[in-house]
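What follows is the residue order along each chain.
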Number of protein chains: 4
Amino acid sequence: MSDYVFHFGGHAPVRTVEAGVPFSVFTEDCFSGKLTSTDGEPRIVAPYPRVNPLTGPIALTGIKAGEILAVHLIELKPARNWGVATISPNFGLLSGNRGNPNLQAEQAERVWIWKLEEDGKSLSTPTLSGPPLSVPFRPFHGTVGVAPAHGEVRLSVVPGDFGGNLDLPMLGGGTTLYLKANVDGADLYIGDGHFVQGDGEIAGTAIEGALDTTLVLDRLPADALMDWPRIETDAEIGVIGAARPLEDAARIASAGLIRWVADACGLDLFDAQQLVTQICRLKIGNLVNPLFTVACTVPKALLPAGAEFMGGAHARLRAGG
Amino acid sequence: MSDYVFHFGGHAPVRTVEAGVPFSVFTEDCFSGKLTSTDGEPRIVAPYPRVNPLTGPIALTGIKAGEILAVHLIELKPARNWGVATISPNFGLLSGNRGNPNLQAEQAERVWIWKLEEDGKSLSTPTLSGPPLSVPFRPFHGTVGVAPAHGEVRLSVVPGDFGGNLDLPMLGGGTTLYLKANVDGADLYIGDGHFVQGDGEIAGTAIEGALDTTLVLDRLPADALMDWPRIETDAEIGVIGAARPLEDAARIASAGLIRWVADACGLDLFDAQQLVTQICRLKIGNLVNPLFTVACTVPKALLPAGAEFMGGAHARLRAGG
Amino acid sequence: MSDYVFHFGGHAPVRTVEAGVPFSVFTEDCFSGKLTSTDGEPRIVAPYPRVNPLTGPIALTGIKAGEILAVHLIELKPARNWGVATISPNFGLLSGNRGNPNLQAEQAERVWIWKLEEDGKSLSTPTLSGPPLSVPFRPFHGTVGVAPAHGEVRLSVVPGDFGGNLDLPMLGGGTTLYLKANVDGADLYIGDGHFVQGDGEIAGTAIEGALDTTLVLDRLPADALMDWPRIETDAEIGVIGAARPLEDAARIASAGLIRWVADACGLDLFDAQQLVTQICRLKIGNLVNPLFTVACTVPKALLPAGAEFMGGAHARLRAGG
Amino acid sequence: MSDYVFHFGGHAPVRTVEAGVPFSVFTEDCFSGKLTSTDGEPRIVAPYPRVNPLTGPIALTGIKAGEILAVHLIELKPARNWGVATISPNFGLLSGNRGNPNLQAEQAERVWIWKLEEDGKSLSTPTLSGPPLSVPFRPFHGTVGVAPAHGEVRLSVVPGDFGGNLDLPMLGGGTTLYLKANVDGADLYIGDGHFVQGDGEIAGTAIEGALDTTLVLDRLPADALMDWPRIETDAEIGVIGAARPLEDAARIASAGLIRWVADACGLDLFDAQQLVTQICRLKIGNLVNPLFTVACTVPKALLPAGAEFMGGAHARLRAGG
């Protein structure tokens, strides 16, 4: 696939895949690969809203609107040996921005080029002010989503109940994301490779990099309890909320997880809330997108024995991949 | 010490300790040890605001207002073999409450008694609706604070720049908390033992339990950059923010940490923001207290070599303990 | 026009009008006129998202993307002699809802039919619990918007920088709303007649009623300072923000108004901020839609003499209407 | 009274008054009268937290903790013919600040001296950048509160359920504020005269001025439904909420008013919510204090006939004044 789109929704699929059959995609970085030096100008090479190009949409054969799309990420490989990060005026958690303006002078712009070390385990960059920096390489997709519900068309920078620009570091290799299909075929969009990112994506970008990703999709039955994305790894299950203020995203995620745990474990909402309260993690994705994101997760090992999640889809996909 | 207080500030010290000399305290659970069965009535045995009894205040010899108090927690031992947790009407993240009311019917009240297993590694409880629950024992102090600035007197359930009811699971054995002394002697208050708690303390209580805790204090010079609590473990440094909405607590914590990293590592604010953005964790403490709490942390191993934090106080106290 | 749409964006215009030429539209109520008795079931007669039908889109001849559309409401007449209001489970400021969930029992549903009195000045309804209620008739359009920027398609219940479901009681007869055209023709959508509404639309609906409205459009040059909707009456100018949390909507609206006042009155941002701080009103539209809305307004009579707003469009349209 | 205090709570009364007997107080401006020219330096003449000096506490004879204190403001006269306003670094809705920090350059500081015109109806100031400004004189007290509940001591800049630094323009002559007494005598504090202020006190200060105020107190029976301040004028009743984010203050205020209207008018919560939804105003006080404030009000003329509020205290005090 050589073309990219900048919206969720409104496109005919560019590719159709079969359930259970792994396939590969190339995804561009959020600047479409055009920001290549510290002298580069992000807002000129990738003017808003031509940021965050997405690969897709990819249709899954047979899935009907209302059913659940399972997206299992098998492996994420860097497609280039460098990534890029920026700080920009009028953007980021610690700057006034379009959704939270102020009257102070805008902060300046700066660009970092991070090189992937030969061992593929870390990234490093010089700094203008002091010693060079080095961080681990922990790739994930910032953006994985489907065509939104009810015919909405959203920019690729937006997260929501359709997934989208979640920016959750959990979304790396070995993870399964569950999204409700809003149209027949589900229409999956994927992109926004992050070579590493801390919680909240505070400055506004991760280390943005192109990825060659192998993934596999599956089709699961409709689930009346699932109205926000779910996520599963070998160790954890979780529910993702997207909202502002941040506590509302946490409310969505934790209430959704409590209902899921109650259902899967045969507990009432009080006992499920008690369990989740004592063992959950609240993992903040981004604090800079149009909506903030949080995943509320619990370790599967601490849930009552015998609980099954999503019909065992994660284990099945993990084995098949 | 046999008595407890329910405020930060306004008391003469009940004990004075010397810097670097470990000492022990007993702390009651948040219900003053009076909620002992699933038939108990939390609001009768511990009516608001007679909740969250604190041990202290404990004065540190020689520390002056404006200097930094280092509180290093050496070891937390359960003082009883059970803890207690509740869900109550008009309290918790997923219920209307005094700060966020609604007009729905109030949720009912329920109490769980969690037994500490003989191996001391986990806690278990029966449920009313299904299988019993089991969770790990990971004790910490929900509440560690000093007399507030400017003569304020706050209830023991409140967090703030004086520390207080932070409910951060990081605050267990091996952790150092740095608090600005607002009065000579600093006047430390400690309590609110939690046998385990997930992020956010969603239902409103952790597994609340009495603790026998050994700790050691130290006196550090004033630090003009430090206006919110700092925290340090062997692996991480962090800054704690307390605010509503939750994103404002994240702003306080991350801006404070970026300034600290810049200062300690010889970076400007742009390079420090870049580094923190890619490697930080945002650890949510509580989402139910008068202010929400977040710690923004980074691994020390990923900071430039040679950086020193708080004059090496943590390592010194850790070795001495 | 007999058909309605449920989105902003994505439609060919159903009508084209000329600048300065008044025209009339009929707009349905938010339940498409189907909720006609207190026994009616809102979620059956108007299932989400088939709520809030809009009339349009209406193209303005000659307006180009980037220019400003002036929408001057000349007169709003009730198209029926009754309106309808509801309280529903999982909706409203004082109930858990999709963006702010809880685990309490859902509130029940209730419907009120409000009759317009013969003098056309007030509305009344019986109650189930006590005396009948009577309120003034002060009609406005809850929803006035254009096709969103950058090709987005949004549900008719959403407000934003394209206008939309603002639910601001200012939007009645005699008011001019300024919206940036994102497409050639601007593509205006209008609907959601409210016979009266308090600030915040707390329960989730106003007194919803069909309207026969006369309005007139105009085309104004692009304005680089205007990135959110502006509003003008004979007495006031204002800027509208849409965001969550509510303080961010207030930041958008007040920062936008300060920049406008500075520009129109020849003041720097400090002096303009000083003036606006002492005389502004913050008028809350809704607290129940996907984004909350606020208009920050100032009385024109308190601005320095000689200031002109939007090239005098409001006065011109008012005279012409 | 010649002395001032900077806290709510923790003081012996400096004066005791009798119910129903008018008396006068002088209140300083928030800078203690020390900021007298545009060259003045606010943070030097009135360093935090020595801002917002309060007159009091004033005890009411006979009132017991748990009863209601009615504070009826009879008349507010300017004690000087000038007021002062500022914009400061790290303060205000449109600047990063201690509770909502950023990493941008701090805004500069500026001071305006506003002169009261001889007719006493307006204030004017020159500007640095353009024409002079003129605004109406509409005096009120930004701060009216009692000793907080449960022994807390709060700085004079804080609002809460004890009243305090509300910054609500309603609090002028002819208004009655109802506050729950938390201690015998109630211990009233008053100050922070504002010669005029827009909604939200956006820049961080109103036009701050010293006042000579005549007021009268009364003692009302305990009211189990009243857990936040109530307010009454000849035309309106309202409930005041203080919280962050701003929507939570609106939730407190509107839920409280709905419960009050239901009780006073013989309506159930549904019918009362319906009525309030269609006729309420949400009046924003401040958006810059530690908690934001909102009053939710309804016109008494639109409530069912025969409803009585607070036993008729307002009318009684108004007549007596």
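Cut-offs and rules
- Residues numbered from 1 in each chain as written.
- Chains lettered and ligands numbered in written order.
- Predicted model: local features only at pLDDT ≥ 70, side-chain atom pairs only at ≥ 80, totals over all residues.
- Heavy atoms only, no water.
- Helix = DSSP H or I, 4+ residues; strand = E, 2+ residues; numbered from the N terminus.
- Rg over C-alpha atoms; globule rule 2.2 N^0.38 Å.
- Areas by Shrake-Rupley, 256 points an atom, 1.4 Å probe, with all protein chains shown as cover.
- Lys, Arg positive; Asp, Glu negative; His and termini not counted.
- Charge placed at Lys NZ, Arg CZ, Asp CG, Glu CD.
- Contact = heavy atoms within 4.5 Å.
- Buried area = accessible area lost by both parts, 1.4 Å probe.
- Salt bridge = Lys/Arg side-chain N within 4 Å of Asp/Glu carboxyl O.
- Least-squares fit on C-alpha atoms with pLDDT ≥ 70 in both.
- Expected span 1.5 Å × (residues − 1).
- Buried < 20%, exposed > 50% of the residue type's maximum accessible area, 1.4 Å probe, protein only.
- Pairing = 2+ DSSP bridges.
- Axes fitted to C-alpha atoms, helices over the stretch in contact; angles between N-to-C directions.
- Polar contact = N/O pair within 3.5 Å; in protein donor to acceptor, adjacent residues only side chain to side chain.
- Nonpolar A, V, L, I, M, F, W, Y, C, P; charged D, E, K, R; others polar.
- Phe/Tyr/Trp six-rings, centres within 6.5 Å; stacked < 30°, edge-to-face > 60°.
- Lys NZ or Arg CZ within 6 Å of the ring centre and 35° of its normal.

Student: For the overall build of chain A, give the residues involved together with the corresponding values.
Tutor: Looking only at helices and strands, chain A features four helices and 21 strands. What you see for chain A is a C-alpha radius of gyration of 19 Å, in line with the 20 Å of a compact globule of 321 residues. For chain A, the exposed surface amounts to about 10,100 Å²; the carbon and sulfur share of it is 51%. Looking at chain A, you have 24 positive and 35 negative side-chain charges, and the mean spots of the two groups are 1 Å apart.

Student: Could you give an account of the interface of chain C and chain D, with specific residues and numbers?
Tutor: Opposite the 60 residues of chain C that make contact, chain D presents 60 residues. Counting each side, the surface lost to burial between chain C and chain D is near 5,100 Å², with a carbon and sulfur contribution of 61%. The largest contributions to the chain C side of the interface with chain D come from Phe270, Gln274 and Gln278 of chain C, which together make up 13% of the buried area. In this structure, the connection of chain C to chain D is made through six salt bridges. When the shortest N-O distance is used, the salt bridge between Arg281 of chain D and Asp199 of chain C registers 2.9 Å.

Student: Describe the relation of the copies chain A and chain B, and please don't skip the residues or the numbers.
Tutor: Each copy of the sequence occupies a distinct position, and chain A is placed on chain B by a rotation of 180° and an axial shift of 0.0 Å, giving an RMSD of 0.0 Å. Interpreted geometrically, this transformation is the action of a two-fold axis. Residue Leu246 of chain A, judged by its C-alpha, is the member of chain A lying nearest the rotation axis, at 2.8 Å. A high fraction, 100%, of the interface residues of chain A reappear at the interface in chain B, so the copies pair face to face through one surface.

Student: Go over helix H2 (residues 246–265) of chain C, please, and point to the residues and values.
Tutor: Residues and elements named next belong to chain C. With 20 residues, H2 should cover 28 Å at 1.5 Å per step; its first-to-last C-alpha distance of 28 Å lies within 8% of that length. Summarising burial for H2: 18 of the 20 residues are buried, a large majority. Positive backbone phi, approximately 70°, marks Gly266, located one or two places after H2.

Student: Explain the environment of Gly312 of chain B residue by residue, including any values.
Tutor: Residues and elements named next belong to chain B. Summarising the element assignment, Gly312 is placed in the loop between strand E21 (292–299) and helix H4 (313–320). For Gly312, a relative accessible area of 23% translates into the label partly exposed. Counting along the chain gives 108 residues from Gly312 to Gly204, while the straight-line C-alpha distance between them is 36 Å.

Student: Which residues make up the sheet that holds strand E20 (residues 281–284) of chain D, and what values go with them?
Tutor: Residue and element names in this part refer to chain D. Strand order in the open sheet made by the eight strands is E3-E17-E5-E14-E18-E19-E21-E20, with antiparallel pairing throughout. In this open sheet, the two strands that pair with only one neighbour each are strand E3 (23–27) and E20. In this sheet, adjacent strand axes meet at a mean angle of 30° when their direction is disregarded. Two strands pair when backbone bridges link them, and E3 and strand E17 (residues 211–220) are joined in this way by five bridges, in the antiparallel orientation. Note on E17: the bridge partner recorded for Phe26 is Asp212. Across the sheet, helix H3 (residues 269–279) touches E20 and strand E21 (292–299), and the angle it forms with E21 is around 100°.

Student: Tell me what's going on with the pattern of salt bridges, and back it up with residues and numbers.
Tutor: Residues and elements named next belong to chain D. This structure, assessed with the given rule, holds 64 salt bridges over all chains. Between Glu67 and Arg219 there is a salt bridge, and its shortest N-O distance comes to 2.9 Å. Residue Glu67 is located in the loop between strand E4 (54–60) and strand E5 (68–78), and its partner Arg219 is located in strand E17; the two are separated by 152 residues in the primary sequence. Accessibility expressed as a relative area gives 15% for Glu67, which makes it buried. With relative accessibility at 39%, the residue Arg219 sits in the partly exposed group. Lys300 serves as the salt-bridge partner of Glu232, at 2.8 Å between the closest nitrogen and oxygen. Taken as a pair, Glu232 in strand E18 (residues 230–232) and Lys300 in the loop between E21 and helix H4 (313–320) lie far apart in primary sequence, 68 residues in all.

Student: Run through the relation of the copies chain C and chain D, naming residues and quoting values.
Tutor: Note on the copies: chain C fits chain D at an RMSD of 0.0 Å, the axial shift is 0.0 Å, and the rotation between them is 180°. Taken together, the interface assignments show that 100% of the residues at the interface of chain C recur at the interface of chain D, consistent with an identical surface on both copies.

Student: Quick one: what's the story with helix H3 (residues 269–279) of chain A, residue by residue and with numbers?
Tutor: The α-helix winds at 3.6 residues per turn, so residues separated by three or four positions along the chain end up facing the same way. Residue and element names in this part refer to chain A. Burial of H3 is extensive: nine of the eleven residues sit out of reach of the surface. Along H3, the residues classified as buried are Asp271, Ala272, Gln273, Gln274, Leu275, Val276, Thr277, Gln278 and Ile279. Measuring from the backbone nitrogen of Phe270 back to the side-chain oxygen at the start of H3 gives 3.0 Å, which picks out Asp268 as the cap.

Student: Hey, could you go over the interface of chain A and chain B for me, with residue numbers and the actual values?
Tutor: Listed by partner, the interface residues are 60 residues for chain A and 60 residues for chain B. For the pair chain A and chain B, the summed buried surface comes to about 5,100 Å²; carbon and sulfur atoms form 61% of the total. Counting the contacts that link chain A with chain B gives six salt bridges. Going through the elements one at a time, strand E6 (82–87), strand E7 (110–116), strand E9 (133–136), helix H2 (246–265), H3, strand E20 (281–284) and strand E21 (292–299) of chain A are the ones with two or more residues in the side of chain A that touches chain B. The residue inventory of the side of chain A that touches chain B, partitioned by class, reads 35 nonpolar, 17 polar and eight charged.

Student: Residue-level account of the pairing of strand E19 (residues 236–243) of chain B, with values.
Tutor: Residue and element names in this part refer to chain B. Extensive coverage of E19 is indicated by the burial of eight of its eight residues. Of the two faces of E19, both are covered, the one formed by Glu236, Gly238, Ile240 and Ala242 as well as the one formed by Ile237, Val239, Gly241 and Ala243. When strand E18 (residues 230–232) meets E19, the two strands line up antiparallel, connected through three bridges. If you follow Arg230 over to E19, its bridge partner there is Val239. Sheet topology places E19 next to E21; eight bridges connect them, and they run antiparallel. Bridge pairing links Gly238 to Thr297 in E21.

Student: An account of the sheet that holds strand E5 (residues 68–78) of chain A is requested, with residue identities and associated values reported.
Tutor: Through backbone hydrogen bonds, the strands of a sheet pair up, either in parallel or in antiparallel fashion. Residue and element names in this part refer to chain A. Spatially, E3-E17-E5-E14-E18-E19-E21-E20 is the arrangement adopted by the eight strands of the open sheet, whose pairing is antiparallel. Either end of the sheet is taken by a strand with one partner, and the two such strands are strand E3 (23–27) and E20. If you compare each strand with its neighbour and ignore which way they point, the axes differ by 30° on average. Contacts from H3 reach E20 and E21, with the element oriented near 100° to E21.

Student: Let's hear about the side chain of Asp187 of chain D: which residues, and what values?
Tutor: Residues and elements named next belong to chain D. Inspection of the secondary structure assignment puts Asp187 in the loop between strand E14 (176–180) and strand E15 (188–196). There is no salt bridge for the buried Asp187, and the closest opposite charge comes from Lys64, which lies 12 Å off by N-O distance. Aside from chain neighbours lying at most four places away, what touches Asp187 is His11, Pro13, Pro57, Ile58, Ala59, Gly145, Val146 and Ala147.

Student: Give me the lowdown on the packing of aromatic side chains, citing residues and values where you can.
Tutor: Enumeration according to the criterion identifies 16 aromatic pairs over all chains in this entry. Judged by centre distance (5.2 Å) and plane angle (80°), the rings of Phe137 of chain A and Phe195 of chain A are edge-to-face. In this pair, Phe137 of chain A sits in the loop between E9 and strand E10 (140–146) while Phe195 of chain A sits in strand E15 (residues 188–196), placing the two residues 58 residues apart along the sequence. Like Phe137 of chain A, the residue Phe195 of chain A is buried in the burial classification. Ring geometry for Phe8 of chain C and Tyr189 of chain C: centres 5.5 Å apart, planes at 75°, overall edge-to-face. Separated by 181 residues along the polypeptide, Phe8 of chain C in strand E1 (residues 7–8) and Tyr189 of chain C in strand E15 (residues 188–196) bring together distant segments of the chain. You can call Phe8 of chain C buried: its relative accessible area is 0%. Through a chain of ring-to-ring contacts, three or more aromatic side chains come together here, namely Phe8, Phe162 and Tyr189 of chain A. Seen from the ring of Trp260 of chain A, Arg230 of chain A lies directly overhead, with NZ or CZ sitting 4.2 Å from the centre.

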